[in-house]
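Listed below are the residues making up each chain.
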Amino acid sequence: MSNSPEDPLSPAALKILNDLDLLRANDIRWRDGKAFSLTYCASDDARHLSETAYRMFSHENALNVAAFPSLKNMQQEVLEFVMQLLEAPPSGAGFMTSGGTESLILVVYSALQRAIALRGSERPLNERFNVVLPSSAHAALEKGCTYFNIESRRVPVRSDWRADEQAMIAACDDNTILVVCSAPQYPQGVVDPMELIGNEALRRNISFHIDACMGGMLLPFLAPPHLPWNFSVPGVTSMSVDLHKYGYTAKGAGVIVYANKELRQHQTFFTDNWLGGMYGSSGILGTKSGGPIASSWAMVKYFGVDGYRNLALTARKVALQIARHIDAIPELVLRAEPDTTLLCIGAKDPQSLSIFAVARALRANGWYVDEQTPPDSMHLTVNVVHENRVDEFVSDLKVAVAHSLKIPSNDEKGNTPLPYGSV
Ligand SMILES: Cc1ncc(COP(=O)(O)O)c(C=O)c1O
């Protein structure tokens, strides 16, 4: 049976495709650079390639890569590419995942399995294992802790929004199995300091994860000064990087890299305790599409190190352009100088201006920005698709601020943030 993209479609199939196009009439306009959240777009050519590669392997099943050596080889090449960017040691070993959330859930799971292997599963009555993490670390870690009944021990960040290493160290105890830092954290876009935490993880012989889901494809190319953030930090046991963010691949593609295969083995799952024979899997999913793997492989080949360097430098340049415009708008404040491309913006005087009203005025004008709290803020994930949109965005932002100054700050509807993720 042929599956070439050139095959003419039947009238019934064409009608369904047309209906699909109609269905997305109210979706955010990310392809033309109007969305500062959820989506990334490098160029029409790259997107077309990534979608075509995805389509070619969308029905292939990465549940069993022995049946699809193509997927096994592509996955290995993608992993090697990312490991080189992270300065992983030669012993480094990883897996592709469906993205940051699966990676972070698996990090919690593998830390738990490792702790059980090292210390046994018996816990004193009323004691649970815990994970120590800054208040800024991603919500998916909360999900992992909830799934595995582990205490999430959140430690407030410093006034510059970075992890408070001393406070994190003080929060660790004999039940701590994992500490986490981010490069950068999502809410304010800053890289955590992590060397003291890494040394503490070494001293305690516990897992230490760096969440570089956002920064893994950017920081290798950005000039210091940014803090050490990769496997060069002492004690790092694993790192996560998302390709469906600044790798510009189709959705469903992340990478988790461990410092060695012994650490990685705590993530894998095997059972023959059923009537279907030996079942092994590397992640949470069973059947999984080969599409994200093929799309990632295609993007890695298409851009290579030099291409990703250009993309990272461009996205950074655009983010800094917007940051300087924000500095010049008296009613707004940039919460932190960004370490990569994430901008967090607040109202200088929240009594006279609701930043959520500003975000909604922008949305009414076709833009899409995230709203987050605490504190009440607007969040922009800047990527290369915004390169030619800066002036238009800044002009609309100024109009949105002027419009919102007229809305009372106690307007309840305008002051409830829209969720970052929804069901
Ligand atoms: C730092 C960080 N980690 C993890 C994630 C989760 O990634 P995903 O939504 O792709 O599962 C995100 C998402 O924005 C993130 O910013």
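Quick notes on the rules
Residues numbered from 1 in each chain as written. Predicted model: local features only at pLDDT ≥ 70, side-chain atom pairs only at ≥ 80, totals over all residues. Heavy atoms only, no water. Near = heavy atom within 4 Å. Polar contact = N/O pair within 3.5 Å; in protein donor to acceptor, adjacent residues only side chain to side chain. Areas by Shrake-Rupley, 256 points an atom, 1.4 Å probe, with all protein chains shown as cover. Nonpolar A, V, L, I, M, F, W, Y, C, P; charged D, E, K, R; others polar. Pairing = 2+ DSSP bridges. Helix = DSSP H or I, 4+ residues; strand = E, 2+ residues; numbered from the N terminus. Axes fitted to C-alpha atoms, helices over the stretch in contact; angles between N-to-C directions. Contact = heavy atoms within 4.5 Å. Buried < 20%, exposed > 50% of the residue type's maximum accessible area, 1.4 Å probe, protein only. Left-handed = near helix turned anticlockwise from the far one by under 90°.

Caption draft 1: Looking closely at the site of the ligand. Close to the ligand lie 13 residues; Thr101, Asp211, His244, Lys245 and Tyr420 are nearest. Aspartate 242 places a side-chain nitrogen or oxygen 3.3 Å from an oxygen atom of the ligand. Protein burial of the ligand: of its 390 Å² of free accessible surface, 86% is covered by the chains. The residue inventory of the shell around the ligand, partitioned by class, reads six nonpolar, four polar and three charged.

Caption draft 2: Structural detail: the sheet that holds strand β12 (residues 370-372). Within the open sheet, the four strands sit side by side as β10-β11-β13-β12. Their pairing is antiparallel. Here the strands that pair on one side only, and so sit at the sheet edges, are β10 (332-334) and β12. Adjacent strand axes in the sheet meet at a mean angle of 35 degrees, parallel and antiparallel pairs treated alike. The strands touched by helix α9 (residues 291-327) within the sheet are β10, β11 (342-347) and β13 (377-381), with β10 carrying the most contacts at an inclination of about 140 degrees.

Caption draft 3: Up close: helix α10 (residues 355-364). Of all ten residues that make up α10, seven are buried, and the element is covered over most of its length. The set of residues buried in α10 consists of Ile355, Phe356, Ala357, Val358, Ala359, Ala361 and Leu362. Phi for glycine 366, located one or two positions after α10, is positive at around 95 degrees.

Caption draft 4: Spatial organisation of the packing of helix α2 (residues 44-57) against α9. It is the contact of α2 with α9, at a shortest axis distance of 7 Å, that shows an interaxial angle of 145 degrees. Of the two elements, α2 crosses α9, and the hand of that crossing is right-handed. Residues Asp45, Ala46, Leu49, Ser50, Ala53, Tyr54 and Phe57 of α2 lie in contact with α9, whose contacting residues are Gly291, Pro292, Ala294, Ser295, Ala298, Met299, Tyr302 and Phe303. In the contact of α2 with α9, the residues fall into eleven nonpolar, three polar and one charged.

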